[in-house]
Amino acid sequence: MVKLDTTGVDVPVGFPSEIYDRVHHIMNVKASGHLNSIKFSGAWNALSYRYVEADECATQFARHFAKYGSSPPGQERYRQERSIFDFYSAAVSCLDTVAFAIFAIASLKHGAAFPLSDAGDEAKVRPDKLLPKLNSNFSSDAITGAWSTLFSDPRNKEIRDIRNVLTHRTNPGRTYNVGGALDGQTQSNLRDRAMTKDFLVSHRDDLTDILCEVLPAIETFANERG
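Quick caveat: nothing in here was measured; it's all calculated off a predicted structure.

1. Some details on the pattern of salt bridges
Step number 1: Counted according to the given criterion, the structure contains 18 salt bridges.
Step number 2: Between Glu76 and Arg79 there is a salt bridge, and its shortest N-O distance comes to 2.6 Å. Of this pair, Glu76 and Arg79 both sit in helix 3 (residues 74–109), 3 residues apart, which is roughly one turn of that helix.
Step number 3: You can call Glu76 buried: its relative accessible area is 11%.
Step number 4: For Arg79, a relative accessible area of 26% gives the class partly exposed.
Step number 5: Taking the shortest distance from any N to any O, the salt bridge between Asp161 and Arg191 comes out at 3.2 Å. Of this pair, Asp161 sits in helix 7 (residues 154–168) while Arg191 sits in the loop between strand 4 (186–188) and strand 5 (193–194); the two residues are 30 residues apart in sequence, bridging distant segments of the chain.
Step number 6: Exposure remark for Arg191: the relative accessible area of 42% places this residue in the partly exposed category.
Step number 7: Salt bridges sharing common partners tie together Asp153, Arg155, Asp209 and Glu213.

Below you can see the structure in the form of structure tokens.
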């Protein structure tokens, strides 16, 4: 684990902690006192909190699954399902706070195009609306290409789609296979994925990789536009 200078929380070694702390420092120096720098800090802090939550959920699920398996008693099944739900909620929140942080940095240069004057403006900051604004105002900046890559990334889409299913639709069940090639295996009806103790690990790793790919561009953006 690595302790972040920014929030003081311990994050797994894979998290891009050095870049994360540098971005916070850059914004503190370059935009100190600006109202929108405070809003940036709120989003940036939230990123580390939500990432730690996602990592903890993946670990909790693995622990419960290793002890009780794929067909646990009702209360333990609830704990497994809670870890799954909380993981995807936290993972999407990570990605959304990144979008808000980018928007807040952009607002320092182009306040009219990236307004954050009140709660109404803040509520309109959406990941799917960020790219057109970046293309219009920062077309040659690395952050525009980086955000385009992130938002079109199938890993981002899958994490969001699963969160939407769990939040807005249903709690998919599990299929227990008896006989045939999958005898003894359990499949989650959530995208027909094999149910093992590492069920959340692949998406936790995807989230980590996505953050490692986009944070360098955010650092450059903060340096040049903050």
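There's plenty left to go through after this.
2. Side note on the sheet that holds strand 5
Step number 1: Spatially, 3-4-5 is the arrangement adopted by the 3 strands of the open sheet, whose pairing is antiparallel. With partners counted over all chains shown, the strands left at the sheet margins are strand 3 (174–176) and strand 5, one partner each.
Step number 2: Here strand 4 pairs with strand 5 via 2 bridges, running antiparallel. Looking at the pairing, Gln187 lines up with Ala194 of strand 5.

3. Details of the nonpolar core
Step number 1: Ranked by size, the top nonpolar core spans 65 residues in total, and within it Trp44, Tyr88, Ile102 and Ile218 carry the most contacts.
Step number 2: Mapped onto this core, the elements with two or more residues apiece are helix 1 (17–30), helix 2 (35–68), helix 3, helix 5 (127–137), helix 6 (142–152), helix 7 and helix 8 (201–225).
Step number 3: Counting residues per element, this core draws most heavily on helix 3, which supplies 17 residues.
Step number 4: Not counting chain neighbours up to four residues away, the residues in contact with Ile102 comprise Leu130, Leu134, Ile143, Trp147, Ile218 and Phe221.

4. Quick notes on the packing of aromatic side chains
Step number 1: If you walk through the whole model with that rule in mind, you get 11 aromatic pairs.
Step number 2: Judged by centre distance (4.8 Å) and plane angle (45 degrees), the rings of Phe15 and Tyr51 are tilted. Here Phe15 is found in the loop between strand 2 (10–11) and helix 1, whereas its partner Tyr51 is found in helix 2, with 36 residues between them in sequence.
Step number 3: Aromatic rings pair up to connect Phe15, Tyr20, Phe40, Trp44 and Tyr51 into one cluster.

5. Quick look at the state of the cysteines
Step number 1: Applying the stated criterion across every chain yields a total of 0 disulfides.
Step number 2: Here Cys94 stays unpaired: no disulfide links it, and the sulfur of Cys57, its closest cysteine neighbor, is 11 Å away.

6. Remarks on the packing of helix 3 against helix 7
Step number 1: Where helix 3 contacts helix 7, the axes come no closer than 9 Å and their chain directions differ by 130 degrees. One finds that helix 3 runs oblique with respect to helix 7. With respect to the hand of their crossing, helix 3 and helix 7 are arranged in left-handed fashion. Across the interface between the two elements, Ile84, Phe85, Tyr88, Ser89, Ala91, Val92, Leu95 and Asp96 from helix 3 touch Asn156, Ile159, Arg160, Ile162, Arg163, Leu166 and Thr167 from helix 7.
Step number 2: In terms of residue class, the contact of helix 3 with helix 7 is made up of 9 nonpolar, 3 polar and 3 charged.

7. Some thoughts on helix 6
Step number 1: For helix 6, every residue scored as buried is listed here: Ile143, Thr144, Ala146, Trp147 and Leu150. Viewed along the axis of helix 6, the buried residues span an arc of 165 degrees, placing them on a single side of the element.
Step number 2: If you follow the buried residues of helix 6, they end up packed against helix 3, helix 5, helix 7 and helix 8.

Criteria and cut-off values
Residues numbered from 1 in each chain as written. Predicted model: local features only at pLDDT ≥ 70, side-chain atom pairs only at ≥ 80, totals over all residues. Heavy atoms only, no water. Salt bridge = Lys/Arg side-chain N within 4 Å of Asp/Glu carboxyl O. Helix = DSSP H or I, 4+ residues; strand = E, 2+ residues; numbered from the N terminus. Buried < 20%, exposed > 50% of the residue type's maximum accessible area, 1.4 Å probe, protein only. Pairing = 2+ DSSP bridges. Core = buried A, V, L, I, M, F, W, Y, C linked by side-chain atoms within 4.5 Å. Contact = heavy atoms within 4.5 Å. Phe/Tyr/Trp six-rings, centres within 6.5 Å; stacked < 30°, edge-to-face > 60°. Disulfide = S-S within 2.5 Å. Axes fitted to C-alpha atoms, helices over the stretch in contact; angles between N-to-C directions. Parallel < 35°, antiparallel > 145°, perpendicular 65-115°, else oblique. Left-handed = near helix turned anticlockwise from the far one by under 90°. Nonpolar A, V, L, I, M, F, W, Y, C, P; charged D, E, K, R; others polar. Arc of directions from axis to C-beta.

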